[in-house]
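# Structural overview
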Amino acid sequence: MFEKFEPPPEDPIIQLIGIIRNDPRPEKIDMGVGVFMNDHGQTPVLSVVRKAEELLHAQQTTKAYVGVAGNETFNSEIIRLAFGDSADMQRTRGIQTPGGCGALRMLSDMLYRVAPDRKVWVTDPTWGNHYPIFRGSGFEVDSYPYLDWNTRTVDIDRMMSGLSTLGQGDIVVFHACCHNPSGAELSPDDWDEIARLASQNGFFPFFDMAYQGFGDSLQSDAYSIRKMAREVEAMVVASSCSKNFGLYRERTGCAMLVGESAATADVARAQLLNTARSSYSMPPDHGAALVAMILADPQLRHEWEEELRTMRERILGLRSRMSLALRETSGTPDWDFIADHRGMFSLLVLDKQQVERLRTDHAVYCVAGGRINIAGLKNADEIQRFADALVAVTR
Ligand SMILES: Cc1ncc(COP(=O)(O)O)c(C=O)c1O
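These remarks concern the structure in this document. Keep in mind it's a predicted model, so treat the numbers as computed, not measured. (Residues numbered from 1 in each chain as written. Predicted model: local features only at pLDDT ≥ 70, side-chain atom pairs only at ≥ 80, totals over all residues. Heavy atoms only, no water.)

### So, the site of the ligand
- Neighbouring residues of the ligand: 13 residues in total, closest D208, Y211, S240, S242 and R251.
- One nitrogen or oxygen atom from the main chain of G100 is found 2.7 Å from an oxygen atom belonging to the ligand.
- Protein contact buries 90% of the 400 Å² of open area that the ligand shows by itself.
- For the shell around the ligand, the leading source of residues is helix α4 (residues 99–114), giving 4 residues.
- In the shell around the ligand, the residues fall into 5 nonpolar, 5 polar and 3 charged. (Near = heavy atom within 4 Å. Polar contact = N/O pair within 3.5 Å; in protein donor to acceptor, adjacent residues only side chain to side chain. Areas by Shrake-Rupley, 256 points an atom, 1.4 Å probe, with all protein chains shown as cover. Helix = DSSP H or I, 4+ residues; strand = E, 2+ residues; numbered from the N terminus. Nonpolar A, V, L, I, M, F, W, Y, C, P; charged D, E, K, R; others polar.)

The structure is reproduced here in structure tokens:
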């Protein structure tokens, strides 16, 4: 049986984790891995999560199954967090999933059941796991223009003209905020135009929201979703609590849908539950139980929002200090875009040799193409070392 296998292509980000771990140089800077790090280089358990864990420990009396849809308090809280008051709650449904990836895959599998001939469109560039997830369901996947590779901002004209060719046969994947890998953001005006186009031309919006609260605020990061929900009859959202609750390994996410009517939303949810039942059966409980407690309790929720604000402000502060250091070191405004980007990542657009030289000559790690995790920098010394290294390899 197994002798027929060829090794699968390696995931470059997973591969990078091993390479960084094996580098013995103590001064190494890890800007490759996609987790938030504080100024000690740690990814700590949020203190509000610790509190909720203690409460859960005291309250939980059984480990019996919860159910295919997971924690229903979690589902309704996450729906409210994403949609605010934009969507008609009579037509909105959600199920708890193992992380954002579980949500992406379950929604994709569900859509493939009803629309296997549609094509899925992702941004160019996009997060590396989008292609395998949608292809894994059976969809053909292609890309639409997103990034202006020179300015590292969104090429809105090319994006809109790409989207204007799409219609009823298409599913369009959007990053709700904090675009991964580029960091380049769409403005509220851009989203207004995109939502208008979706409503006019009939392509189906599929949102991936993995960083709500990491951009500007919980509210403004959801503008895209809320605007779309007001314009179209049906859409889906895959949301992740990995980053904003720091629950990475607990695999906590939510697959949400808005249907044309309460009846179609119910049937779509039943299909979603059916796809889940035939893969992992039921989602893990722990992370979602914590999120449900935190969001439903005003005091815990306030503490969470403050901790989230601290994470966001660390990233925003690093962004402005980095772009300033790069402006001074390079003597050019070429890297100013880093301050305008949002979320954990910026795509520097580097070639293979430049990424290699950062690694070998400067012990600075980023993902191929030059995706950096801003939160990988600990202090002023590292910011300057990074600026020196980047200027040296790009001069
Ligand atoms: C764009 C994007 N979508 C989805 C996810 C899914 O995250 P998880 O499955 O860890 O919740 C991530 C995580 O890195 C991401 O960057």
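### Observations regarding the pairing of strand β4 (residues 140–145)
- As judged from the 6 bridges shared by strand β3 (residues 119–124) and β4, these two strands associate in the parallel manner. For V120, the partnering residue across the bridge sits in β4 and is V141. (Pairing = 2+ DSSP bridges.)

### As for the pattern of salt bridges
- Tallying each qualifying case throughout the model produces 22 salt bridges.
- A salt bridge links E303 to K51; the nearest nitrogen and oxygen atoms lie 2.7 Å apart. One end of the pair, E303, is in helix α11 (residues 298–330); the other, K51, is in helix α2 (residues 47–59), with 252 residues separating them in the sequence.
- Residue K51 is classed as partly exposed on the basis of its relative accessible area of 40%.
- Residue K227 pairs with D192 through a salt bridge whose shortest N-O separation is 3.9 Å. In this pair, K227 sits in helix α8 (residues 223–231) while D192 sits in helix α7 (residues 188–201), placing the two residues 35 residues apart along the sequence.
- On the basis of relative accessible area, D192 is assigned to the partly exposed category, the value being 24%.
- Counted as one network, the salt bridges with shared partners bring together E77, R80, R301 and E305. (Salt bridge = Lys/Arg side-chain N within 4 Å of Asp/Glu carboxyl O. Buried < 20%, exposed > 50% of the residue type's maximum accessible area, 1.4 Å probe, protein only.)

### Regarding the sheet that holds β4
- As summarised here, the arrangement of the 7 strands in space is β2-β10-β9-β8-β7-β3-β4, forming an open sheet in which the pairing is mixed. Either end of the sheet is taken by a strand with one partner, and the two such strands are β2 (92–97) and β4. For this sheet, the mean inter-axis angle between neighbouring strands, taken without regard to orientation, is 25°.
- In terms of strand pairing, strand β8 (residues 204–209) meets strand β9 (residues 235–240) through 4 bridges, oriented parallel. (Axes fitted to C-alpha atoms, helices over the stretch in contact; angles between N-to-C directions.)

### Notes on the environment of Y65
- Along the polypeptide, Y65 turns up in the loop between α2 and α3 (72–83).
- Judged by its relative accessible area of 75%, Y65 falls in the exposed class.
- Considering only alpha carbons, one finds Y65 and G169, 104 residues apart in sequence, at a separation of 39 Å.

### So, the state of the cysteines
- Counted under the stated rule, the structure contains 0 disulfides.
- Left unpaired, C241 is separated from the closest cysteine sulfur, that of C254, by 7.8 Å. (Disulfide = S-S within 2.5 Å.)

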